[in-house]
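Per-entry structural report
Chain by chain, the residues:
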Amino acid sequence: MRAVVMAGGEGTRLRPMTANQPKPLLPVVNRPIMEHVLRLLRRHGFDDTVVTVQFLATLVRNYFGDGEDLGMRLRYVAEEVPLGTAGSVKNGEEYLRDAPFIVISGDALTDIDLGDMARFHRENGAMVTIGLTRVPNPLEFGIIIVDDDGRVQRFLEKPTWGQVFSDTVNTGIYIMEPEVLDHVAAGEVVDWSADVFPRLLEQGAPLYGYVADGYWEDVGTHESYLRAQADALSGRVRLDIDGFELSPGVWVGEGAEVHPDAVLKGPLCVGDYTKVEAGAELREYTVLGSNVVVRQDAFLHRAVVHNNVYVGANTNLRGCVIGRNTDIMASTRVEEGAIVGEECVIESEAYLSDDVKVYPFKTIEAGAVVNTNVVWESRGQRSLFGPRGVSGLINVEITPELAVQLASAYATTLKKGSIVSTSRDASRAARTLKRAVISALTAGAIDVQDLEVVPLPVARFHTGRSGVAGGIVLRTTPGDPQSVDIVFLDERGADLSPAAQRKLERVFTRKEYRRAFPGEIAELSFPTRAPESYAHELLRCLDTSGIAEAELKVVVDCAGGTASLLLPGLLGRIDAEVLTVNNRLDEASPTDTVAKRMRDMERLGELVSSARADLGIRFDPVGERLSIVDEHGGLVGDERALLVVLDLVAAEVGRGSVALPVTTTRLAERVCAAHGVTVRWTPTATAELTKAAMDEEIIFAADGRGGFVFPEFTRTPDGIAAFVRLLGLVARARLSLSEIDARIPREHLLRRSVPTPWAVKGSVMRAVVEAAGDREVDTTDGVRVVEPDGSWALVLPDTAEPVTHVWAEGPDRDAAQRQLEHWVNVVEGAEG
């Protein structure tokens, strides 16, 4: 006896889950529904099967193939147009003429005893045996009445409650004799229950109903889909659940990593190679697909998560379905009955209320509250570039595939035969992604000079001084070891200009990548003396006089970063007594977290104090920025460090201009004016500061975040150059850092960030301008409002996050606080 599996339905009631895949491929405990059906058939001896397909037929064929993996023989019959339940079977008539056959839906979950049903069919000499089951609510099914012998007496398709005369319904499982197909017109839309069976009943044909005792669920709605998962996990239906039963009802797949501090309360299922971090809690009837990541402190209860989904920290998923390849970012909440389609991005702190449907390829912005279905509204991705290049979570937002595409787009913007430098920090993620970048560049006819692991200032120096067309640097995102930045450099070693970024983004968006012909595949080389050339030029350009005479004693913390590769050779050529710590590459901690930085700074302060050193310096892990400790071991904050270094530079040079971002305290103007130096205010973006530093009049630039620019050597932030220059400045000033700090007045600058949806950022800025009235307004970057007494406030929308930043400075802290509260209220009022 052969089998016919009907797998052609669209499953419209299950959208958006079925928007891009056929209903039979929807997973139930990590196996497609149809696979469970095929395994049931094979278990009862039906291993020769005809599969009828129509909607997205190729996906069904590609998944199951010829059935060899299941120990079956599968043959496919395709409908060009839907032909109904009977018409689709008629379409495969050539395979069904020689023996009785069983017909079963490919999207119903069941463990009915098909062998016993076949016995019943044979013993009663039936032409058709209809599988029946009893359900509490028969409104969505066809009702059938049978007599004491099982012979069918009456049919009624999908009745109203007033028409209900039984709870025995048609399961859509039939055993038929081949002559039944003679009653089905070829090429027409024909249904078994509505057309063929009533006609056969009128003709007195032997139609029987087999009332089955097993489980049966028509997975036709979102509620029944979630119910099927729960029934499978609780053992109400007999299925093959893939994996190891770690404890009663807790199934864990091959290669899955579940942290001992994660909480698992079964029944539940964790798929192959899925990772569940410490503090995550998985409650009853949760199903995680393969390659899912669940971050710390996430909570999932009755949630069905398909393959390759990222679930961020502190998320809360209840009674929902998350489609494959979707990213659920930190602190998101998805409520009961919500369905998120495949390849969506739900950004941090978003809230999806009950029964909301989000269709595939949509992005829900951070902090959004979604109360209605998201079908057509696909919010386009904001700018690809953020303040640190292209940034995102490793292997979630930034994958090797994306790295290849970005590098291909970058190569396309350059001439064939150009040279590009590549480099990275100490992390494994950066190493992996750099390999992908190099492959894409050489395939795009771009020669690559790979500097391997070097400080970021060395990469910028080599790119700007070696005649290369640009560079790509891979680094772990500052403060976030789970993320990575892809930094693109121009021919000067600076970050790409906004215009160049837009050009690259256009190529990336259109995917118009240039490929080299076979004879044009480019070369990869490894410059060997880049760090030595950097160190030589640094000492040639920067004034180090007076360091030996001052007999400076310095403690330097390399933070386990790339600066440790350069400093030993550099320090040997500077006449200062230097104690270095953490001077080896730390692959396990390739970036700073706030806790790590503060811990290291406290330790650095203790070392400076106990060693009676003149100062302490700590580099960031890529050597681009530095933090300062004075001779007493006290931390000199980033804003204060800017003023201290600015005072030293202005006092020594005594002319020219300095470039500072508009967020800097206006005390900088007083410091500069005391030494005959002027301030040029710039936008906050690093690229803008670099652009200003290109002017010959600029003697110094800083960003207020530990980044210092000394134009006599480089036009980009450079922590190593700042360290050498600072030693010379302190030595020649013959003042301690605390003495220099003490002669600068205290600033009163406050800052706050206000969550702001993207859609209202424009109206917020309009409200700020209107609220300014006739006060002085500066729009260099954002909107800065200046009061008559010189106090000021700056309102600046974040370029990468749904946030508005507010700065306020006053003559004292209370005045600055009043200013800040006033403008925060303006921003919040405009949002409403």
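Model, not experiment: these values are computed from the prediction.

So, how was this worked out
Residues numbered from 1 in each chain as written. Predicted model: local features only at pLDDT ≥ 70, side-chain atom pairs only at ≥ 80, totals over all residues. Heavy atoms only, no water. Buried < 20%, exposed > 50% of the residue type's maximum accessible area, 1.4 Å probe, protein only. Helix = DSSP H or I, 4+ residues; strand = E, 2+ residues; numbered from the N terminus. Pairing = 2+ DSSP bridges. Contact = heavy atoms within 4.5 Å. Axes fitted to C-alpha atoms, helices over the stretch in contact; angles between N-to-C directions. Salt bridge = Lys/Arg side-chain N within 4 Å of Asp/Glu carboxyl O. Disulfide = S-S within 2.5 Å. Arc of directions from axis to C-beta. Polar contact = N/O pair within 3.5 Å; in protein donor to acceptor, adjacent residues only side chain to side chain. pLDDT = per-residue confidence, 0-100. Phe/Tyr/Trp six-rings, centres within 6.5 Å; stacked < 30°, edge-to-face > 60°. Core = buried A, V, L, I, M, F, W, Y, C linked by side-chain atoms within 4.5 Å.

A word on the pairing of strand β11 (residues 168-176). Within β11, nine of the nine residues are buried, which leaves the element mostly enclosed by the surrounding structure. As judged from the three bridges shared by strand β6 (residues 101-105) and β11, these two strands associate in the antiparallel manner. Paired with F101 across the bridge in β11 is M176. The pairing of strand β8 (residues 128-134) with β11 spans six bridges and is classified as antiparallel. By the bridge assignment for β11, T133 is matched with V169.

Here we come to the sheet that holds strand β39 (residues 470-476). With mixed pairing, the six strands of this open sheet are ordered in space as β36-β40-β39-β37-β38-β41. For this open sheet the edge positions go to β36 (390-393) and β41 (524-525), each flanked by a neighbour on one side alone. Bridge analysis of β36 against strand β40 (residues 483-489) gives four bridges, and the strand direction is antiparallel. Bridging from a neighbouring strand, L393 pairs with S483 of β40. Running at roughly 175° to β39, helix α9 (residues 456-465) makes contact with β37 (419-424), β38 (447-453), β39 and β40 of the sheet.

Throughout the structure, instances matching the rule amount to 56 salt bridges. Put simply, R597 and D638 hold a salt bridge, and the shortest N to O gap is 3.5 Å. Residue R597 is found in helix α14 (residues 594-611), and its partner D638 is found in helix α15 (residues 638-653); the two are separated by 41 residues along the sequence. Under the relative-accessibility criterion, D638 is labelled partly exposed at 24%. A salt bridge links R725 to E712; its shortest N-O distance comes to 2.8 Å. Of this pair, R725 sits in helix α18 (residues 719-733) while E712 sits in the loop between β50 (708-709) and α18, placing them 13 residues apart in sequence. Accessibility expressed as a relative area gives 34% for E712, which makes it partly exposed. Each of D543, E652, E712, R725 and R732 takes part in one network of salt bridges that share partners.

All right, on to the state of the cysteines then. Applying the stated criterion across every chain yields a total of zero disulfides. Here C344 stays free of any disulfide, with the sulfur of C320 as its closest cysteine sulfur at 13 Å. Classification of C344 as buried rests on a relative accessible area of 1%.

Another aspect to go through is helix α5 (residues 192-202). Given 3.6 residues per turn, any residue in an α-helix points the same way as the ones three and four places further on. Along α5, the residues classified as buried are W192, S193, V196, F197 and L200. Relative to the axis of α5, the buried residues are bounded by an arc of 115° and lie together on one face. For α5, the N-terminal cap is D191; the gap from its side-chain oxygen to the backbone nitrogen of S193 is 3.1 Å. Positive phi shows up at G204, right after α5, with a value of about 80°.

Residue R15 is joined to P16 through a cis peptide bond whose omega torsion reads 15°. Its place among the elements puts P16 in the loop between β1 (2-7) and β2 (27-28). Residue N325 is not a glycine yet carries a positive backbone phi of 60°. For N325, the position within the fold is in the loop between β27 (321-322) and β28 (327-328). Classification of N325 by relative accessible area gives partly exposed; the value is 33%. For D355, which is not a glycine, the phi torsion comes out positive at approximately 65°.

This part is about the confidence of the model for the chain. Mean pLDDT over the chain works out to 89, with 97% of the residues at or above the 70 mark. Considering each helix and strand of the chain separately, the mean pLDDT is smallest for strand β9 (residues 142-146), with a value of 70, and largest for β37, with 97. Between residues 158-166, whose pLDDT stays under 50, and residues either more than four places distant or in other chains, the model counts 26 contacts.

Counted under the stated rule, the structure contains 14 aromatic pairs. Summarising the aromatic geometry, the rings of W192 and F197 are spaced 5.6 Å apart at their centres and angled 20° between planes, so their arrangement reads as stacked. Note on accessibility: W192 and F197 belong to one class, buried. Look at F461 and Y534: their rings are 5.5 Å apart centre to centre, the planes differ by 85°, and that puts the pair in the edge-to-face class.

Turning to the nonpolar core, a few remarks are in order. If you look at the biggest cluster of nonpolar residues, it comprises 77 residues, and the most contacted ones within it are F700 and F723. For this core, the element with the most residues is α18, which contributes ten residues. Residues within four places of F700 in sequence aside, it is in contact with V645, L646, V649, S657, V658, A659, F708, V709, F710 and P711. Judged by nonpolar contacts, the second largest core, of 36 residues, contains L74, I102, A108 and Y210.

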